[in-house]
Structure formats: C-alpha cells, structure tokens
Amino acid sequence: MAVVSLLLFGGLWSAVGSSNLAVVTCGSVVKLLNTRHNVRLHSHDVRYGSGSGQQSVTGVTSVDDSNSYWRIRGKTATVCERGTPIRCGQPIRLTHVNTGRNLHSHHFTSPLSGNQEVSAFGEEGEGDYLDDWTVLCNGPYWVRDSEVRFKHSSTEVLLSVTGEQYGRPISGQKEVHGMAQPSQNNYWKAMEGIFMKPSELLKAEGHHTEL
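Residues numbered from 1 in each chain as written. Predicted model: local features only at pLDDT ≥ 70, side-chain atom pairs only at ≥ 80, totals over all residues. Heavy atoms only, no water.

Caption draft 1: Broad picture of the side chain of Glu-175. One can find Glu-175 in strand β12 (residues 174-175). For the buried Glu-175, no salt bridge is present, and the opposite-charge side chain at shortest range is Lys-174, 11 Å distant. For Glu-175, the side chain forms a polar contact with the side chain of Ser-110, separated by 3.3 Å. Among the polar contacts made by the side chain of Glu-175, one reaches the main-chain amide nitrogen of Leu-112 at a distance of 2.7 Å. Apart from the residues lying within four places of it in its own chain, the contact partners of Glu-175 are Ser-110, Pro-111, Leu-112, Ser-113, Ser-160, Val-161, Glu-164 and Tyr-166. (Helix = DSSP H or I, 4+ residues; strand = E, 2+ residues; numbered from the N terminus. Buried < 20%, exposed > 50% of the residue type's maximum accessible area, 1.4 Å probe, protein only. Lys, Arg positive; Asp, Glu negative; His and termini not counted. Salt bridge = Lys/Arg side-chain N within 4 Å of Asp/Glu carboxyl O. Polar contact = N/O pair within 3.5 Å; in protein donor to acceptor, adjacent residues only side chain to side chain. Contact = heavy atoms within 4.5 Å.)

Caption draft 2: Region of interest: the environment of Arg-73. Positionally, Arg-73 belongs in strand β5 (residues 70-74). In this structure, the C-alpha to C-alpha distance between Arg-73 and Leu-94, residues 21 residues apart in sequence, is 6.3 Å. Sequence-distant contacts of Arg-73, defined by excluding residues within four places in its chain, comprise Cys-80, Ile-92, Arg-93, Thr-95, Asn-102, Gly-125 and Glu-126. Among the polar contacts made by the side chain of Arg-73, one reaches the side chain of Glu-126 at a distance of 3.0 Å.

Caption draft 3: Quick peek at the packing of aromatic side chains. Per the stated rule, a full pass over the model turns up one aromatic pair. For the ring pair Trp-142 and Phe-150, a centre distance of 5.5 Å and an interplane angle of 75° mean the geometry is edge-to-face. Phe-150 shares its class with Trp-142; the two are buried. Looking at Lys-31, its charged tip hangs above the ring of Tyr-69, at a distance of 4.7 Å from the centre. (Phe/Tyr/Trp six-rings, centres within 6.5 Å; stacked < 30°, edge-to-face > 60°. Lys NZ or Arg CZ within 6 Å of the ring centre and 35° of its normal.)

Caption draft 4: Representation of the nonpolar core in the model. In terms of nonpolar packing, the biggest core is built from 32 residues, with Leu-32, Leu-41, Val-57, Leu-103, Trp-142, Phe-150 and Leu-159 touching the most fellow members. For this core, the secondary structure elements donating two or more residues are β2 (29-34), β3 (39-47), β5, β6 (91-96), β8 (116-121), β9 (133-136) and β14 (188-196). Per element, the largest residue contribution to this core is three residues, and it comes from β14. (Core = buried A, V, L, I, M, F, W, Y, C linked by side-chain atoms within 4.5 Å.)

Caption draft 5: Quick peek at the confidence of the model for the chain. Scored by pLDDT, the chain has a mean of 88; 84% of the residues are at 70 or more. Overall, residues 1-20 carries pLDDT values under 50, and its contacts beyond four positions in sequence, including any with other chains, amount to 35 contacts. Of the regions scoring below 50 in pLDDT, residues 207-211 engages in zero contacts with residues more than four places distant in sequence or in other chains. (pLDDT = per-residue confidence, 0-100.)

Set out below in structure tokens:
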C-alpha cells in the first residue's frame, strides 16, 4: 500500500497514537472526517456521469478504506516543506494518495444536491489553481483534535456533506460538495493517518514567544 510505504522514510513519519504531535503538518497523509455526517473524505477512479465528468469525490462510513487517504501539500506552484505546521488561513492542496489527483472545485453543479461540484483533478499531483483550499480554524495552527473548515480559495464555497446518498456504482456513499454558507455540515477533523513530525520552525517560534 502507498501509505504503508511512507513508513520507510527513516523515522520521519509518526503514526497516530505513537506520539503527541498536536499540529497538522505539510507532508502528512490523513483521513478527514465530516463530523456532522460521520463520513470520511474519499475518492476513487470513478468519474461523474454529469457536470465536469472528472473523478468523483464522496464521503464513506468505512474507517479502513485506503481510498480515503489524502496528502497535505502547499498551494499550487509552491512547495511546503515536510513538517511545516499548517497555519489557520493558509491555502493548501489535498492530493488523493491512490490516484494522484487533487481535491478540486469549480462552477459545475453537483449531481444530487445541486450545490457546487467537488472533484479530484490533475495528474501525479499537478492540477491548477482550482485545487487550492484555505484552512479555516481558530488559533495560529491547524490542531489535530480540532474541527476545521476548508474554503475553496477561488470560489469561496466550503467543503460540505449534507447527507445525499449515491446509488450504483458507488451505492451508499455520500455526496461531497461546496456550499456558500457555513454550518455544521462543513466541519472536518483529521483522523487516521501518518503525521509528519513538526519542523524546527514551530520550536523556534515557541522559544521566541518565551523570550
């Protein structure tokens, strides 16, 4: 599995529960839970039959599905060094580990709810500026046990689930879409995954604060 192979990077990675890492960092590979509907952000090589025709993004109840892993990266055309803490208000990309496509949105209508379509786009981690999402949270950094929102940097919709459910070929999976209004439907939390240890940057900032 792609995720298991990440453990080979000379101890740079830390699995959930093995350490007390409080912040979410660049390079980490995580599953994201929609806390209102208890589904994890998911994708797979199944395309929408309407709208953009791009790779679909859904929510699944399964905890152990490998198609729910996303790698946290810097925004389009930038590099975010491994272990760099993600700041509240920072734009990022979420790259689907198994297909290499980025979480994406645009002015297409989602198939079930009629909200804004969310898809997975690009090849080998490279798409375009519509792959950028801003992390909305309280405090200076995205903290692992806190709920956050993801705001699409270009169209300003919030990554959301409202409960609509697909039939075949992805029976039981929930629609993921973009909504303009904040609500309980657009809160997410980092869950299972492999978290990159925070870099020296955070330690240095803490030292300066003490001074």
